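# Reading the structure
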Amino acid sequence: MKILMVCLGNICRSPLAEGVMQHLADEHNLGWTVDSAGTGSWHVGEAPDRRSVLVARNHGIDISKQVCRQFRRTDFDQFDHIFVMDRNNLSDVLNMARNEQEAAKVKLLLGDKVVPDPYYDDSRFEPVFELIEGGCKDIIAELRGARV
Ligand code: 4NP
């Protein structure tokens, strides 16, 4: 299974989602590959935001080696599932889909809720981590047909 996490900048939310999902998948020996990307290009080549690195480290996950990249159309070929954080990400990614099969790969990480952008508020990184962790656990349960 190959999973891509997408947000706007690929420095705050989707690096956390990549780190959490890879960590959980490894813990359960699922053999999944997880990556992340941003719909925007401002931070390409950069490491994740230090506040995301810190909150992940506080939960035992190292995301410091990740490198920001932009979402690209070929990601539809490379990944089985593409999870986005909010409704802007959803429409941006869906607008790049070339057909129904590609569009069907794209879903909100939290199903019917959004992961809010924490960029302008330091206090939102911990709640964002917890939202992402809950979403990743639900996705693993759904995709393997069992709770974790
Ligand atoms: P992210 O947060 O989408 O969770 O990575 C953002 C980070 C940077 C910017 C926007 C959102 N920015 O505009 O630079």
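Described below are features of the structure shown in this document. Treat the numbers as computed from the prediction; the structure is a model and nothing was measured.

## Remarks on the side chain of Gln66
Mapped onto the fold, Gln66 is located in the loop between helix 2 (50-58) and helix 3 (75-78). Residue classification places Gln66 among the buried residues on the basis of a relative accessible area of 12%. Looking at Gln66, its side chain comes within polar contact range of the main-chain oxygen of Pro15, at 3.1 Å.

## A few points about the pairing of strand 2 (residues 33-38)
Pairing of strand 1 (residues 2-7) with strand 2 involves 6 bridges; the strand directions are parallel. The residue of strand 2 that forms the bridge with Cys7 is Gly38. Note on the crossover from strand 1 through helix 1 (residues 13-27) to strand 2: the handedness is right-handed.

## Comments concerning the pattern of salt bridges
Scanning all chains against the criterion turns up 8 salt bridges. A salt bridge links Arg98 to Glu102; its shortest N-O distance comes to 2.7 Å. Glu102 sits in the buried class, given a relative accessible area of 7%. Salt bridges sharing common partners tie together Asp35, Arg69 and Asp75.

## Considering the packing of helix 2 against helix 6 (residues 125-144)
What describes two packed helices is the angle between their axes and the distance between those same axes. Packing of helix 2 against helix 6 brings their axes to within 10 Å, and their N-to-C directions diverge by 60°. Classed by the angle they form, the pair helix 2 and helix 6 counts as oblique. By crossing handedness, the relation of helix 2 to helix 6 is classed as right-handed. For the pair formed by helix 2 and helix 6, the contact residues are Arg51, Ser52, Val55 and Ala56 on the first element and Phe125, Glu126 and Phe129 on the second.

The rules behind the values
Residues numbered from 1 in each chain as written. Predicted model: local features only at pLDDT ≥ 70, side-chain atom pairs only at ≥ 80, totals over all residues. Heavy atoms only, no water. Helix = DSSP H or I, 4+ residues; strand = E, 2+ residues; numbered from the N terminus. Buried < 20%, exposed > 50% of the residue type's maximum accessible area, 1.4 Å probe, protein only. Polar contact = N/O pair within 3.5 Å; in protein donor to acceptor, adjacent residues only side chain to side chain. Pairing = 2+ DSSP bridges. Right-handed = clockwise from strand over helix to strand, strands pointing away. Salt bridge = Lys/Arg side-chain N within 4 Å of Asp/Glu carboxyl O. Axes fitted to C-alpha atoms, helices over the stretch in contact; angles between N-to-C directions. Parallel < 35°, antiparallel > 145°, perpendicular 65-115°, else oblique. Left-handed = near helix turned anticlockwise from the far one by under 90°. Contact = heavy atoms within 4.5 Å.

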